[in-house]
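One-letter residues, chain by chain:
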Amino acid sequence: MSQFTYRDNLLYAEEVSCSKLADAYGTPCYVYSKAAIQHSYQAYASALQHWPTRICYAVKANSNLAILSLLAQLGAGFDVVSGGELERVIRAGGDAGKVVFSGVAKRADEIRRALLAGIYCFNIESREELERVESIAKEMGIPARVSLRVNPDVNPSTHPYISTGLKENKFGVEIDQAWELYQRIAQSRDLHAAGIDCHIGSQLLDLAPFQACFEKLFELVDRLHGCGIALQHVDVGGGLGIAYTHRESAPGPQEFAKVLAPFMQDRQLELIVEPGRALVGAAGLLLCRVEYLKHTAQKNFALVDAAMNDLLRPSLYSAWHGISAVYKEAGDEMLYDVVGPVCESSDWLGSQRSLCIKQGSLLAIHDVGAYGFVMASNYNSRMRPAEILVDGDQAWLVRKRESIEQLFADEIIPG
Ligand SMILES: *Cc1c(COP(=O)(O)O)cnc(C)c1O
């Protein structure tokens, strides 16, 4: 059930009209629904309730402090991929003891900080990284809980930029190497083998690759158990997709749990999942305004005040996002390419969209709660947009639009 619905042809975020939000906060702005995030979190929690489970929200999907605080209050742990994300979790009131730290190239200072903060576990991606964590743990006198990120070599059938579990990808260690490294962890006084993990890619709409991954992962868990290495948890990563188009259908956490059930059954293991997109993707809109309509011999362009610097996914992955008029006017629709003001031909938000709009119309770009604002930049010296969290009939400005001053506040002209 979407929290973004039309009433009398006007788009609402929960109980607040999107045109009021645009008037109050300006455009472009991201609008998130608190209820949508709560619902998707609870759907996950209830689907996985048969097992001792920790939902570690993948912070990189949307790292606004208000979103992290909301998820912390719901009981979530967090999957972070940098020292900066760890600081955000702590600032938002998240429990460092429920943090797993992923990422292929953790720096020494990040590892030190994470050990001091008392994170639950490091997801280790190479022998070299394991050695670095071990030596820092030794030097600090704080043993590190670790999990090896296994690369199961399965094809997730998603966009190549977001597939991570193939042999040629930079992520994880091969199964045979993992086996060796666990023997080494078992010998170490400064490392503790807490678990095992994998994450094969993002925006998966098919469950078969998960199945293939679990088969390899749990087989290794059993082999390790057989030689006296009893892991506490299995972390199956994130990656569950959402339906961006009406033609797509995404498996929900219930269906995901069904695939997992035979593997979890009869094994004394805790489960960790690291969903990002599935928790927040559908919970966000990007509101923007039509500056001009431009008609050429080939095409009609809707030139809007949002651009690739605000929402990169269409330019980066050729991603498709629904685009609708915030106020649905009566009249004939035309096909438009919806594009931004940035000086790149890849600066498009949607192509060949049927819309009835005029200069000044407001547009909503849908399903941008994940990998939206977090990928925003200042390219073309554009200020990053405001972010608003809607809760019922209340709207909170959870991040102000950047100001001109902020754009160059840290720059220095020498001399
Ligand atoms: C990105 C990422 C996730 C989250 O992926 P989603 O597709 O957003 O669920 C989880 N774990 C790791 C290690 C990641 O890199």
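In what follows, the structure referred to is the one given above.
Residues numbered from 1 in each chain as written. Predicted model: local features only at pLDDT ≥ 70, side-chain atom pairs only at ≥ 80, totals over all residues. Heavy atoms only, no water.

Visitor: Help me understand the site of the ligand in this model?
Guide: With respect to spatial proximity, 15 residues lie near the ligand, and among them K60, S202, E274, R277 and Y371 are the closest. Contact distances for the ligand include 2.8 Å between an oxygen atom and a backbone N or O atom of G239. When each cavity is represented as a set of grid points, the ligand is found to reside in the second largest pocket. Taken together, the residues of the shell around the ligand break down into three nonpolar, seven polar and five charged. (Near = heavy atom within 4 Å. Polar contact = N/O pair within 3.5 Å; in protein donor to acceptor, adjacent residues only side chain to side chain. 1 Å grid on protein atoms, 1.4 Å probe; cavity = no way out; pocket = protein on both sides within 12 Å on 5 of 7 lines; lining within 4 Å. Sits in = over half its atoms within 2 Å of the grid points. Nonpolar A, V, L, I, M, F, W, Y, C, P; charged D, E, K, R; others polar.)

Visitor: Before we go on, may I ask you to explain the side chain of Q3 in this structure?
Guide: When you line up the elements, Q3 lands in the segment before β1 (4-7). Under the relative-accessibility criterion, Q3 is labelled buried at 13%. A polar contact of 3.5 Å, which involves the side chain of Q3, links it to the side chain of H39. (Helix = DSSP H or I, 4+ residues; strand = E, 2+ residues; numbered from the N terminus. Buried < 20%, exposed > 50% of the residue type's maximum accessible area, 1.4 Å probe, protein only.)

Visitor: I tried to follow unusual backbone geometry on my own but got confused; where do I start?
Guide: Trans is the prevailing form of peptide bonds, just as negative phi is the prevailing case for residues other than glycine. Here the residue pair T27 and P28 is connected by a cis peptide bond, since its omega of -5° sits within 30 degrees of zero. Mapped onto the fold, P28 is located in the loop between α1 (18-25) and β4 (29-33). Here D8, not a glycine, exhibits a phi torsion of approximately 50°, which is positive. Here D8 falls in the exposed class, since its relative accessible area comes to 74%. In the Ramachandran plot, Q352 falls in the positive-phi region, its phi being about 55° despite a non-glycine side chain. One can find Q352 in strand β17 (residues 348-355). Judged by its relative accessible area of 40%, Q352 falls in the partly exposed class.

Visitor: Just to check I follow, could you spell out the layout of surface pockets for this structure?
Guide: Gaps between atoms show up when a probe of the same size as a water molecule is rolled over them. The space that makes up the largest pocket amounts to roughly 1100 Å³. As for the largest pocket, its lining consists of 44 residues, and the residues nearest its centre are S2, A243, A282, H366 and D367. Elements with a contribution of two residues or more to the lining of the largest pocket: β1, α2 (34-47), α10 (277-280), β13 (284-295), β15 (323-325) and β17. With five residues, the top contributor of residues to the lining of the largest pocket is α2. Split into classes, the residues belonging to the lining of the largest pocket amount to 24 nonpolar, 15 polar and five charged. By volume, the second largest pocket is sized at about 530 Å³. K60, V81, T164, F171 and H199 are the residues nearest the centre of the second largest pocket, which is lined by 30 residues in total. Taken together, the residues of the lining of the second largest pocket break down into twelve nonpolar, ten polar and eight charged. (Points joined across faces, edges and corners; volume = space filled by probe spheres on them.)

Visitor: For this particular structure, what's the right way to read the packing of aromatic side chains?
Guide: Here the structure, examined in full by the defined rule, presents ten aromatic pairs. Seen in terms of ring centroids, Y30 and F373 are 6.1 Å apart; in terms of plane orientation they differ by 80°. Their pairing is edge-to-face. Within this pair, whereas Y30 is found in strand β4, its partner F373 is found in the loop between β18 (362-365) and β19 (386-391), the two being separated by 343 residues in sequence. Judged by relative accessible area, which is 0%, Y30 ranks as buried. (Phe/Tyr/Trp six-rings, centres within 6.5 Å; stacked < 30°, edge-to-face > 60°.)

Visitor: What's the story with helix α3 (residues 65-73) in this structure? I'm lost.
Guide: Since the α-helix packs 3.6 residues into each turn, any two residues three or four apart lie on the same face. Among the residues of α3, those classed as buried are I67, L68, L70, L71 and A72. N-capping of α3 is provided by N64, with a side-chain oxygen placed 2.7 Å from the backbone N of A66. Of the residues trailing α3, G75 is marked for its positive phi of about 105°.

Visitor: Before we go on, may I ask you to explain the pairing of β13 in this structure?
Guide: Consecutive side chains along a regular strand alternate between the two faces of the sheet. The pairing of β4 with β13 spans four bridges and is classified as antiparallel. Within the sheet, the bridge partner assigned to Y30 lies in β13 and is L286. Looking at chain direction, β13 and β18 are connected through four bridges and run antiparallel. In the sheet register, L286 faces β18, and the bridge partner there is I365. Where β13 lies against strand β14 (residues 300-304), five bridges are found, and the strand directions are antiparallel. (Pairing = 2+ DSSP bridges.)

Visitor: What should I look at first to understand the packing of helix α6 (residues 127-140) against helix α7 (residues 175-187) in this one?
Guide: Packed helices, taken two at a time, are described by the angle their axes make and the gap between the axes. Where α6 meets α7, the axes come as close as 11 Å, and the angle between the chain directions of the two elements is 15°. Taken together, the axes of α6 and α7 lie roughly parallel to each other. Helix-helix and strand crossings are classified by hand; for α6 and α7 the assignment is right-handed. Along the contact surface, α6 presents R127, L130, E131 and E134, while α7 presents Q177, E180, L181, R184 and I185. Grouping the constituent residues of the contact of α6 with α7 by class yields three nonpolar, one polar and five charged. (Axes fitted to C-alpha atoms, helices over the stretch in contact; angles between N-to-C directions. Parallel < 35°, antiparallel > 145°, perpendicular 65-115°, else oblique. Left-handed = near helix turned anticlockwise from the far one by under 90°. Contact = heavy atoms within 4.5 Å.)

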